[in-house]
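Descriptive analysis of the structure
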Amino acid sequence: MRKACVAAKSAGNTLGFVPTMGALHEGHISLVRAAKKQCDVVAVSIFVNPAQFGPNEDLAKYPRRLEEDSKMLLAEGVDLLFTPSSEEMYPAGATTFVDVDGMSERLCGKSRPGHFRGVATVVNKLFNIIQPDVAFFGQKDAAQCAVIKRMVRDLDMTVKIKVCPVVREPDGLAMSSRNAYLSPLERNNALVLSRALQEIQRHYQNGEHESAKLINEARKTFATQPAVQLEYVEVVDAESLDPLQTADPGALVAIAARVGGTRLIDNILLN
Ligand code: AMP
């Protein structure tokens, strides 16, 4: 992969990179298309990164559809696909990790200890292998974007980070590889996440800027759907992930909830 990337860049081409865990959907493809538009050569990785899963999480059952994914990427004109094994990425004795202190414990980091450390570490490793000019991430994982941007700044990395908008199903559900776990009923119940976010946006636009009150509106929406357990709803600064008492334009509202056995996340930026 290193050789292929060096060769691709040697002619003065810009290299765009889209890291994924596979089971690709339109959300991933939107990143690929943005990369194709902005860069001469596009590399994609598919790696279900064990370091970002907790011991009781869905690592083993995470959907793996390499053949289908490869076909989709080929059809999009992706130039390079990197699908390393866990053994290649984490050989015995690998003990170096990237911790984005203070941010790794925010939002999903609270209930998924070690998650963002796993993310930052693998993304750093992938950047070192691929050496992209621009890397593309989805706003769907807003905290992940903030963590990666901070890592790039703090470690003086030269890669540019481009964040692309959340891609949704027509009814509002944010696309996610984990949606494949949902039964038709759960799939319908899961709409409460995007509904709660829309409610918050509406109240914000009607002049309610106090975070506690906005959060309360989301809780009310969730109360109408008891089959879904709200894990958190928070109003934070989109860059630092620090909680905000008063929501300002651009504030990030992030939600995590459990629909049956499936943990889903979604977010919006207030405007
Ligand atoms: P994943 O395979 O879930 O690790 O996601 C790989 C990349 O795709 C990440 O940068 C995600 O934020 C992005 N992504 C996943 N779902 C969506 C979506 N619905 N809209 C936009 N980007 C997404």
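Presented here is a report on the structure given in the accompanying data block. Since the model is a prediction, treat every value here as computed from it, not as a measurement.

1. Quick look at the sheet that holds strand β7 (residues 252–259)
Read from one edge of the open sheet, three strands run β6-β7-β8, paired in antiparallel fashion. With one partner strand each, in any of the chains shown, β6 (228–236) and β8 (262–269) form the two edges of the open sheet. Pairwise comparison of adjacent strand axes, ignoring direction, gives a mean angle of 15° for this sheet. One ladder, built from eight bridges, connects β6 with β7; its direction is antiparallel. When the bridges of β7 are listed, Val-236 appears paired with Leu-252. Running at roughly 20° to β8, helix α9 (residues 191–205) makes contact with β6, β7 and β8 of the sheet.

2. Thoughts on the side chain of Lys-140
By secondary structure assignment, the location of Lys-140 is in the loop between β4 (134–138) and α7 (142–154). No salt bridge is formed by the buried Lys-140. Its closest oppositely charged neighbour is Asp-141, at 4.8 Å. If near-sequence neighbours (up to four positions away) are discounted, Lys-140 is found in contact with Val-166, Ala-174, Met-175, Ser-176, Ile-265 and Asn-267.

Reading the values: the criteria
- Residues numbered from 1 in each chain as written.
- Predicted model: local features only at pLDDT ≥ 70, side-chain atom pairs only at ≥ 80, totals over all residues.
- Heavy atoms only, no water.
- Pairing = 2+ DSSP bridges.
- Helix = DSSP H or I, 4+ residues; strand = E, 2+ residues; numbered from the N terminus.
- Axes fitted to C-alpha atoms, helices over the stretch in contact; angles between N-to-C directions.
- Contact = heavy atoms within 4.5 Å.
- Buried < 20%, exposed > 50% of the residue type's maximum accessible area, 1.4 Å probe, protein only.
- Lys, Arg positive; Asp, Glu negative; His and termini not counted.
- Salt bridge = Lys/Arg side-chain N within 4 Å of Asp/Glu carboxyl O.

By themselves, these are just geometric observations and shouldn't be taken as functional.
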